[in-house]
Amino acid sequence: MTILWLLLIGVILGAGYIRLAPSDPAEWHVAPQGEADRDFKGGVLRVVQTGPDGLARFDAIARAAPRTKVLAGSVEEGMITYISRTKVIGFPDYTTAQQDGDRLRIHGRLRFGRKDFGVNKARVDGWLGQM
């Protein structure tokens, strides 16, 4: 019975850490690298032609998304990083969007774990679909 209680306490502490761990902009607010779309286990990279106002349009969509807030950056700076959290546990995912001329580079990735089960791809592609 003691082992069960210790396991339960461990789960609660782990969930608390995931929910409350600080997000360092120096680590997560980094320009997306790449010239072509890529999918990988922990996220996605998209490079799309949007015209010069792509970041502003993307920003409006991302800010309206549930459980999503800005970590760093702005439209004026040309790059923004968002934190989106899962509904139940609050796992953080980071999405960085950078305007590069008429192109918008978007990098969505997880923080905890090795695989995101397509969550970042669905989010980024969904936001792009709204544009």
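Residues numbered from 1 in each chain as written. Predicted model: local features only at pLDDT ≥ 70, side-chain atom pairs only at ≥ 80, totals over all residues. Heavy atoms only, no water.

**Student:** Which parts of the structure should I look at to understand the nonpolar core?
**Tutor:** Nonpolar side chains tend to gather and get buried jointly when the protein is soluble and globular. In terms of nonpolar packing, the biggest core is built from 14 residues, with Phe58, Ala97, Leu104, Ile106 and Trp127 touching the most fellow members. Of all the secondary-structure elements, those providing two or more residues to this core are helix H3 (54-64), strand E4 (79-85), strand E6 (103-110) and helix H4 (119-130). If you tally residues by element for this core, the top one is H3, at 4 residues. When residues no more than four places from it in sequence are discounted, the contact partners of Trp127 are Phe58, Ile61, Ala62, Ala65, Thr68, Ser84 and Thr95. Counting 5 residues, the second-largest nonpolar core is a separate cluster that includes Leu71, Ala72, Ile83 and Tyr94. (Core = buried A, V, L, I, M, F, W, Y, C linked by side-chain atoms within 4.5 Å. Buried < 20%, exposed > 50% of the residue type's maximum accessible area, 1.4 Å probe, protein only. Helix = DSSP H or I, 4+ residues; strand = E, 2+ residues; numbered from the N terminus. Contact = heavy atoms within 4.5 Å.)

**Student:** What is the right way to read the pattern of salt bridges from this model?
**Tutor:** Side-chain pairing between opposite charges can occur once the charged atoms of the two side chains come close. Here the structure, examined in full by the defined rule, presents 10 salt bridges. Residues Glu35 and Arg103 are paired through a salt bridge, measuring 2.6 Å at the closest nitrogen-oxygen approach. Remark: Arg103 occurs in strand E6 and Glu35 occurs in the loop between helix H2 (25-28) and strand E1 (38-40); sequence separation between them is 68 residues. Residue Arg103 is classed as partly exposed on the basis of its relative accessible area, which comes to 23%. (Salt bridge = Lys/Arg side-chain N within 4 Å of Asp/Glu carboxyl O.)

**Student:** Looking at this structure, how should I read the environment of Gly108?
**Tutor:** Mapped onto the elements, Gly108 comes out in strand E6. Given the relative accessible area of 0%, Gly108 is considered buried. Between the alpha carbons of Gly108 and Asp39 there is a distance of 9.7 Å; along the sequence they are 69 residues apart. With residues up to four places along the chain from it excluded, the contact list for Gly108 reads Gly42, Gly43, Val44, Tyr94, Thr95, Asn120 and Val124.

**Student:** Before we go on, may I ask you to explain the side chain of Gln99 in this structure?
**Tutor:** When you line up the elements, Gln99 lands in strand E5 (residues 92-100). Within the structure, the side chain of Gln99 is placed 2.7 Å from the backbone nitrogen of Leu55, a separation counted as a polar contact. Apart from residues no more than four positions distant in its own chain, Gln99 is found in contact with Thr50, Gly51, Pro52, Asp53, Gly54, Leu55, Gly78 and Leu104. (Polar contact = N/O pair within 3.5 Å; in protein donor to acceptor, adjacent residues only side chain to side chain.)

**Student:** Honestly, H4 in this entry has me stumped. Any pointers?
**Tutor:** Each turn of an α-helix holds 3.6 residues, which means side chains three or four residues apart point in the same direction. Its 12 residues place the ends of H4 17 Å apart at the C-alpha level, agreeing with the 16 Å of an ideal helix rising 1.5 Å per residue. Considered for burial, the residues of H4 that qualify are Asn120, Arg123, Val124, Trp127 and Leu128. For H4, the angular spread of buried residues about the axis comes to 125°, placing them on one side. Every exposed residue of H4 that faces more than 90 degrees away from the buried side is listed here: Ala122, Gly129 and Gln130. Contacts made by the buried residues of H4 are with strand E2 (43-49), H3, strand E3 (68-74), E4, E5 and E6. (Expected span 1.5 Å × (residues − 1). Arc of directions from axis to C-beta.)

**Student:** In this structure, what is going on with the pairing of E3? I would like to understand it.
**Tutor:** On a regular strand, one side chain projects to one face of the sheet and the next to the other, so that they alternate. The sheet contact formed by E3 and E4 spans 6 bridges and is antiparallel. Paired with Val70 across the strands is Tyr82, a residue of E4. Here E3 hands over to E4 after 4 residues, with Gly78 in that stretch at a positive phi of 90°. (Pairing = 2+ DSSP bridges.)

**Student:** How do you make sense of the packing of aromatic side chains when you look at a structure like this?
**Tutor:** What characterises a pair of aromatic rings is the spacing of the ring centres plus the angle enclosed by the ring planes. Overall, the coordinates contain 5 aromatic pairs when judged by the stated rule. Ring geometry for Trp28 against Tyr94: centres 4.1 Å apart, planes inclined by 5°, an arrangement best described as stacked. Remark: Tyr94 occurs in strand E5 and Trp28 occurs in helix H2; sequence separation between them is 66 residues. Both residues of the pair, Trp28 and Tyr94, count as buried. The rings of Phe58, Tyr82 and Trp127 are connected pair by pair, giving a single aromatic cluster. (Phe/Tyr/Trp six-rings, centres within 6.5 Å; stacked < 30°, edge-to-face > 60°.)

Any functional reading would require information beyond the geometric quantities listed.
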